[in-house]
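Listed below, chain by chain, are the residues.
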Amino acid sequence: MNDRDIEDILNKSDFDFSGSEDDNDYLPPEVVRALHQSDDSEEDEEENLTEAEPGRSAPLFWRTKEMRCRGPDIADDELVAQGTSEMNILYCFFEYLGTEFWEMVAEQSNIYSAQKRDLKSLKTNSIEIIHFTGMQLLMGTLKYPQGKLYWTRDLCVPIIRDTMPRDRFFELRNYLHFVDLNCPDTNDKLWKIRPIINPILKKCHSLPRSKHMSIDEQMIPFAGRCEYRQYVPSKPNPLGLKNFVLAARDGIVLDFEIYVGKDTISPEIMKNLGLGGGIVQTLCRTIESSCVLYTDRFFTSLKLAEHLIANNNQIFLTGTVMTNRIGPVSTKLKPDKELQRGAWDEKVRNDDNICIVKWKDTKAVTLLSTCTGGEPATTCQRWCKVRKEKIDVTQPAVVKTYNTCMGGIDLCDRLIAYYRSSMRTKKWTVRTFCHFLDLVVVNCWLMYMRCCKVENVESKHKLGLLQYRLNLAKALMKYDGGRVDPNFMRPGSRSQSSPGPSAVSNSKITDVGCDEPPAKKNRAVVPHPLPETRLDNVGHLPRFIDSKNASKCRHPTCSSKCRTMCVKCHVF
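Residue numbering note: each chain is counted from 1, following its sequence as written. Where totals are concerned, whole chains, interfaces and linings use all residues; where local detail is concerned, this predicted model gives features only for residues with pLDDT of at least 70, and gives and counts side-chain atom pairs only at 80 or more. The basis for every side-chain value is the complete set of non-hydrogen atoms in the structure, without hydrogens or water.

Concerning the packing of aromatic side chains
Side-chain rings of Phe, Tyr and Trp, where Trp is taken by its six-membered ring, are said to pair if the distance between their centres is within 6.5 Å; with planes under 30 degrees apart they count as stacked, over 60 as edge-to-face, and otherwise as tilted. Following the criterion strictly, the structure yields 21 aromatic pairs and no others. Geometrically, the ring pair formed by Phe244 and Phe298 is stacked, given 6.2 Å between the ring centres and 15 degrees between the ring planes. Here Phe244, found in strand β4 (residues 239–248), pairs with Phe298, found in the loop between β6 (291–295) and α10 (302–311); they are 54 residues apart in sequence, far enough to count as distant. To sort residues, take the accessible area from a 1.4 Å probe on protein chains only and compare it with the maximum for the residue type: under 20% means buried, over 50% means exposed, and anything in between is partly exposed. On the accessibility criterion, Phe298 (29% relative accessible area) is partly exposed. Counting every residue linked through ring pairs, the aromatic cluster contains Phe93, Phe94, Phe101, Trp102, Phe178, Phe433 and Tyr479. Positioned above the aromatic ring of Tyr175, the side-chain terminus of Arg117 is 4.8 Å from the ring centre. Note that Lys242 overlies the ring of Tyr259, its terminal NZ or CZ placed 5.4 Å from the centroid. Under the scheme used here, helices are H or I runs from DSSP no shorter than 4 residues and strands are E runs no shorter than 2 residues, and both carry numbers assigned from the N terminus. Either the NZ atom of lysine or the CZ atom of arginine qualifies as a charge over a ring when it sits within 6 Å of the ring centre and within 35 degrees of the ring normal.

Topic: the environment of Phe169
Tracing the backbone shows Phe169 in helix α7 (residues 166–174). By relative accessible area, which is 2% here, Phe169 ends up buried. In sequence terms Phe169 and Phe132 are 37 residues apart; their C-alpha atoms lie 6.9 Å from each other. It only takes one pair of heavy atoms within 4.5 Å for two residues to be counted as in contact. Every residue in contact with Phe169, bar those within four places of it in the chain, is listed here: Phe132, Met135, Gln136, Met139, Trp151 and Met164.

Re the side chain of Ser421
With respect to the helices and strands, the residue Ser421 is situated in the loop between α12 (408–418) and α13 (428–454). The buried category is assigned to Ser421, whose relative accessible area is 1%. Contacts described as polar in this section are N or O atom pairs within 3.5 Å, which, within protein, must combine one atom able to donate a hydrogen with one able to accept it, while residues neighboring in sequence count only if both atoms come from side chains. In this structure the side chain of Ser421 is engaged in a polar contact, spanning 2.8 Å, whose partner is the side chain of Asp438. Polar contacts involving the side chain of Ser421 include one to the side chain of Arg469, which spans 3.1 Å. Ignoring sequence-local partners within four residues, the contact set of Ser421 consists of Gln136, Leu137, Gly140, Arg431, Cys434, Asp438 and Arg469.

Take a look at the structure:
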């Protein structure tokens, strides 16, 4: 009997309570029996008290009660957009990897090629490296089985063939480098890729934080020789480098830390919290406001929850947990056989800071939370093998919020896997560069989708990930070092961003054997250039075409005809 039941008995009773509160003679018999039962239950609880933590005056124990919900509500979690839906694609990309980065890559690649080829430099520059990157993004989207097929006579891709010769592309790929091998940093195990990680991390740290974020593992696929290579059988790409990621609910990566062995976190943090807890503490370095972190059982533990409560009351934790990490309370939870499908058992610590919920679905799952309990419960659809149909199963509130907010990293991995840059190499540094290139593209597209949602852009005007990636690849391959403004389009010019080609007039079909001459074949329609290429103010020179008939001007607002063509865009 809880306090509410006792209050109801007191309200319904006819007794006159004019005596002392501690005098049981003035209380109804029902209340006296309830108080005796409460005292007996508290004596039983005190026999199983856990050890008091340093600095705590009262011992800690667990009770069967409802957890008081606190922390930010998921309904109030607004995904803040940065920029606009009409922002320059190249500008968004260069915010992660700016022109200084590409100049550094060109310089280090020249140095590396000179060291390997008896002072014979590669003689490349930042523009050529950017073209190479655009070709790599396009190849990852088209996915030919061999790289040389993009230049063959029958299957060639004209934009790839015209951007760079085949031998030059493979030469750049062989000597692509990011640091000088003669100047190693012995204190940093990731010194070979540190120039790639730092600018991306800087931009990720500047992205707006949401109220509900998740932490999970991400694999960088690599099967070659590397000191930090890991094998995680539960992942779609089990072999490669392990990357711990902090992401928002919609998949935008906000922070990450690559696993390099025992030096990933400090020995002191490793001793107190373990690897999982230490990674969570590291990824919390940029969180400044109240939020909820969602983790799986690799990270979640009672020590981590107590650490976050003691050091920062604004960061709450929710996640699945192994029973050997929650202490003696694991023995108080109901066994799996006593729980029916949809039932759960909830234990709350006497300081009301942590609760443990064990829920039975097909199998039992245990969750730890510092902000959400089992109530208010909802229902979910599950398949019933006996009835051969989906049925409603009761679901605690902590399970619902966990399932809603935990899939950010998995969503990011799925989007990367759709069009992964496939560069065959034995160098783990080049493979890592390709992975973070794909990660940057996915981050840019997800932020673009946020902007479209805020601006209520219609679905037919939104760019999917495929078209966004193709536009970015073509813009990189056409980049000549011109200006990259964030907003280069006039207001109300959304239709100008991707105007369709002009309709080709149907040629007149003549019968075989007629004396009439065959109809003249219409000129092929050249695709309209992207705004990132058309408005960069570099290399757009006019050329007069001496033809019998003038061509229609391709400017969206012009209906005249002319004989002047742009030598870069190949349009009149």
